[in-house]
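Spelled out from the first residue to the last, the chains are:
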Amino acid sequence: MRQRLSSEPDRYRGRRRVPTPPRSRYAAVVTTALVGAGGVALFAGNALPDAKSVSPTVLAELKTASALSEDAAERANAADRSSRDGERVDAAAEAEVWCLPLKEYEFNSPYGVQGEELHTGVDLVAPEGTPYVSIHDGTVTKAGWFGGYGYTVIVANADGSEAIYGHSSELSVQEGQEVKAGDQLGLVGNTGLSYGSHLHLEVHVKGEPLDPVPWLMERGVDIKLQMEPFHSEVAIP
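Residues numbered from 1 in each chain as written. Predicted model: local features only at pLDDT ≥ 70, side-chain atom pairs only at ≥ 80, totals over all residues. Heavy atoms only, no water.

**So, the pattern of salt bridges**
Pairs can form between side chains of opposite charge once their charged atoms are near each other. In the structure shown here, the tally under the stated rule is three salt bridges. The salt bridge partner of Arg219 is Asp159, with a shortest N-O separation of 3.9 Å. Remark: Asp159 occurs in the loop between β7 (151-157) and β8 (162-168) and Arg219 occurs in the segment after α3 (212-217); sequence separation between them is 60 residues. For Arg219, a relative accessible area of 25% puts it in the partly exposed group. The exposure class of Asp159 is partly exposed, given its relative accessible area of 32%. (Salt bridge = Lys/Arg side-chain N within 4 Å of Asp/Glu carboxyl O. Helix = DSSP H or I, 4+ residues; strand = E, 2+ residues; numbered from the N terminus. Buried < 20%, exposed > 50% of the residue type's maximum accessible area, 1.4 Å probe, protein only.)

**A closer look at the side chain of Ser168**
By the secondary structure assignment, Ser168 is in strand β8. A distance of 2.6 Å separates a polar atom in the side chain of Ser168 from a polar atom in the side chain of Tyr132. (Polar contact = N/O pair within 3.5 Å; in protein donor to acceptor, adjacent residues only side chain to side chain.)

**Concerning the side chain of Thr120**
Within the secondary structure, Thr120 is located in the loop between β3 (117-119) and β4 (122-125). In this structure the side chain of Thr120 is engaged in a polar contact, spanning 2.7 Å, whose partner is the side chain of Glu202.

**Re the sheet that holds strand β9 (residues 170-171)**
The three strands are arranged β5-β11-β9 in an open sheet whose pairing can be described as antiparallel. With one partner strand each, in any of the chains shown, β5 (131-133) and β9 form the two edges of the open sheet. In terms of strand pairing, β9 meets strand β11 (residues 184-187) through two bridges, oriented antiparallel. Bridge pairing in β11 links Leu171 to Gly186. (Pairing = 2+ DSSP bridges.)

Here it is, written out as structure tokens:
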């Protein structure tokens, strides 16, 4: 298949946080302070036998110290919880899922110059009607007939790149639809300028086509060996 897009518009932390001592340690410190301060006060008062004889000022100071210690411990624990929660949110935001567009296929016709033209994607041969899916989260910007590509789906991926899925027999999405990695986009076909039933996959970055093989390899997907990240929870139909 020889195709180009020249006729189409060009678009396409780590700080180590010192662990906060558990509340039990703060309680131990406060208890020790209370016992020590109380002992000093008693000896200073000639070891008076009755607690009522302890200076009201000393008792007030002890109560204040206890309250301050409890407050400091609570604030420290709250800050620690907030920090841990923030780290979990950041980790979730940074996690990205990439997957293969098909479950089983034959890798055919790689990216590169063929004859006098540049084959701007890769061809994955599979029986007509085989479901194919989105390789990443994104937004469908095209779902319909696209010249030599036949029935095509174009997805603006969440990372700013763009994926083109051509020669479909049927489409399962509509323009403007939000999709996740692994969501079905359509069925493999032989529409447009096609030599047989297959999925033509292209990846564009800043409007320029790139070889999908190394580009996807950097994201943990080996499209030639049909391998994807082991942590992927995507289930391809």
